[in-house]
Amino acid sequence: MSPPQPHPAPIRVFVVEDDPVAADAHRMYVGRVPGFTVVGTAHSGGDAQRLLERTPADLLLLDLYLPDGHGLQLVRALRAAGHGADVIAVTSARDLAVVRDGVSLGVVQYVLKPFTFSTLRDRLLRYAQFRATAGEASGQEEVDRALAALRAPRPAAMPKGLTQATLQAVTDALRGAEDGISAAATAEEVGISRITARRYLEHLVEAGRAARTPHYGQIGRPELLYRWLSDTP
C-alpha cells in the first residue's frame, strides 16, 4: 500500500482593492474556492508594497485604479524589488493598451467589474490548472495546452431568443446542483418555463459547458439531468 500523497499547499492570494466593501467581497469569493487562501489585504499601492515585503504571496488580485497610483505601477515596483507573484487584474478598465502592458508585467488574467462569484471562480481554477503544470513539455501541443488553461473558452453564439441575463441565471443554477438538475427544477429555480429552461440547458451542452444524462426514477420516460462541466480541468 503506497503512502498517502501530501495535499498541495494552497495558493496564497493577496487582495489589493481600494474599496473596503469590494475588498471584503473579493476575500470572501477567494475563500470559497478550494485550493486558495487569502493572506492579506491592502487598500492602496503603498500599503500593498509594504505588506508584501513580509507577506509571501503567489497571486495578487489587483484593482488597477488605486488612490495612490495605477495598479500596474505597483506591479512594476514589485518586479523591481524581486517579487514574482502572478497577477489577476480586477478592474473596470477596458483599454486594450493597458491590457498589453499588463501582460508584459505578469498579469495572467483580467476580470472586468462588475462580475459574479462564478466568473472569478472560473479564472482562479484556470490559474490553478496552469500553475500545476510542471516538468518538461513533450512538444508544442503540450505547451499550447498549458497556456490554454489560462484562457476562457470562446462562448458559443447565443441562439435567437435567448438572453445573457437568463443564461447566467441558468448557469448559476446548474453550477449549484452537484448531483445534476432537470429542466423542470431549473425552470422553478430561475422562474421560467420548463421548455425555455431546456433551451438554455441544451445551449450549454452544445457549447461544451454542460452534459446531459438520463435519470431513471419513477416508471415512465427517463428524465434528463444536466451537469456543469466548464470547471473540470
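The text that follows walks through the structure, step by step, so that each part is easy to find. (Residues numbered from 1 in each chain as written. Predicted model: local features only at pLDDT ≥ 70, side-chain atom pairs only at ≥ 80, totals over all residues. Heavy atoms only, no water.)

**A look at the packing of helix α7 (residues 164–175) against helix α8 (residues 183–190)**
- In contact at an axis separation of 10 Å, α7 and α8 are set at 120° when each is read in the N-to-C sense. When the axis of α7 is compared with that of α8, the two are oblique. At the point where α7 passes α8, the crossing takes the right-handed sense. Contacts between α7 and α8 involve Ala169, Val170 and Ala173 on the former and, on the latter, Thr186, Glu189 and Val190.
- In the contact of α7 with α8, the residues fall into four nonpolar, one polar and one charged. (Axes fitted to C-alpha atoms, helices over the stretch in contact; angles between N-to-C directions. Helix = DSSP H or I, 4+ residues; strand = E, 2+ residues; numbered from the N terminus. Parallel < 35°, antiparallel > 145°, perpendicular 65-115°, else oblique. Left-handed = near helix turned anticlockwise from the far one by under 90°. Contact = heavy atoms within 4.5 Å. Nonpolar A, V, L, I, M, F, W, Y, C, P; charged D, E, K, R; others polar.)

**Quick word on the sheet that holds strand β6 (residues 86–91)**
- Strand order across the open sheet formed by five strands is β2-β1-β3-β6-β7, with parallel pairing between neighbours. The open sheet terminates on both sides in strands that have one partner only, identified here as β2 (36–42) and β7 (107–112). Taken over all neighbouring pairs, the strand axes of this sheet differ in orientation by 20° on average, direction set aside.
- By the bridge criterion, five bridges tie β6 to β7 in an arrangement that is parallel. Following the sheet pairing, Ile88 is matched in β7 by Gln109.
- Contacts from helix α5 (residues 117–131) reach β1 (11–16), β2, β3 (59–62), β6 and β7, with the element oriented near 170° to β7. (Pairing = 2+ DSSP bridges.)

**A word on the packing of aromatic side chains**
- Summed over the entire model, instances satisfying the criterion amount to one aromatic pair.
- Judged by centre distance (5.5 Å) and plane angle (55°), the ring pair of Tyr29 and Phe117 falls under tilted. With Tyr29 in helix α1 (residues 20–31) and Phe117 in helix α5, this pair connects stretches of sequence that are 88 residues apart. There is no split in this pair, since Tyr29 and Phe117 are both buried.
- Between Arg32 and the ring centre of Phe117, over which it is positioned, the NZ or CZ distance is 3.8 Å. (Phe/Tyr/Trp six-rings, centres within 6.5 Å; stacked < 30°, edge-to-face > 60°. Buried < 20%, exposed > 50% of the residue type's maximum accessible area, 1.4 Å probe, protein only. Lys NZ or Arg CZ within 6 Å of the ring centre and 35° of its normal.)

**Structural notes on the nonpolar core**
- The biggest cluster of nonpolar side chains holds 21 residues, and the ones touching the most others in it are Phe14, Val16, Leu60, Leu62, Leu64, Leu72 and Leu74.
- Among the elements of the structure, β1, α2 (45–52), β3, α3 (71–80), β6 and β7 are those that each provide at least two residues to this core.
- For this core, the element with the highest residue contribution is α3, accounting for four residues.
- Not counting residues within four places of it along the chain, the set of residues in contact with Leu62 comprises Val16, Gly71, Leu74, Val75, Val87, Ile88, Ala89 and Val90. (Core = buried A, V, L, I, M, F, W, Y, C linked by side-chain atoms within 4.5 Å.)

**Examining the pattern of salt bridges**
- Counted by the stated rule, this structure contains six salt bridges.
- With its nearest N and O atoms 3.2 Å apart, the salt bridge here joins Arg126 to Asp122. Here Asp122 and Arg126 lie together in helix α5, a separation of four residues that amounts to about one turn.
- Note on Arg126: relative accessible area 12%, which makes it buried.
- When its relative accessible area of 7% is taken as the criterion, Asp122 is described as buried.
- One network of salt bridges, in which partners are shared, links Arg12, Asp58 and Arg131. (Salt bridge = Lys/Arg side-chain N within 4 Å of Asp/Glu carboxyl O.)

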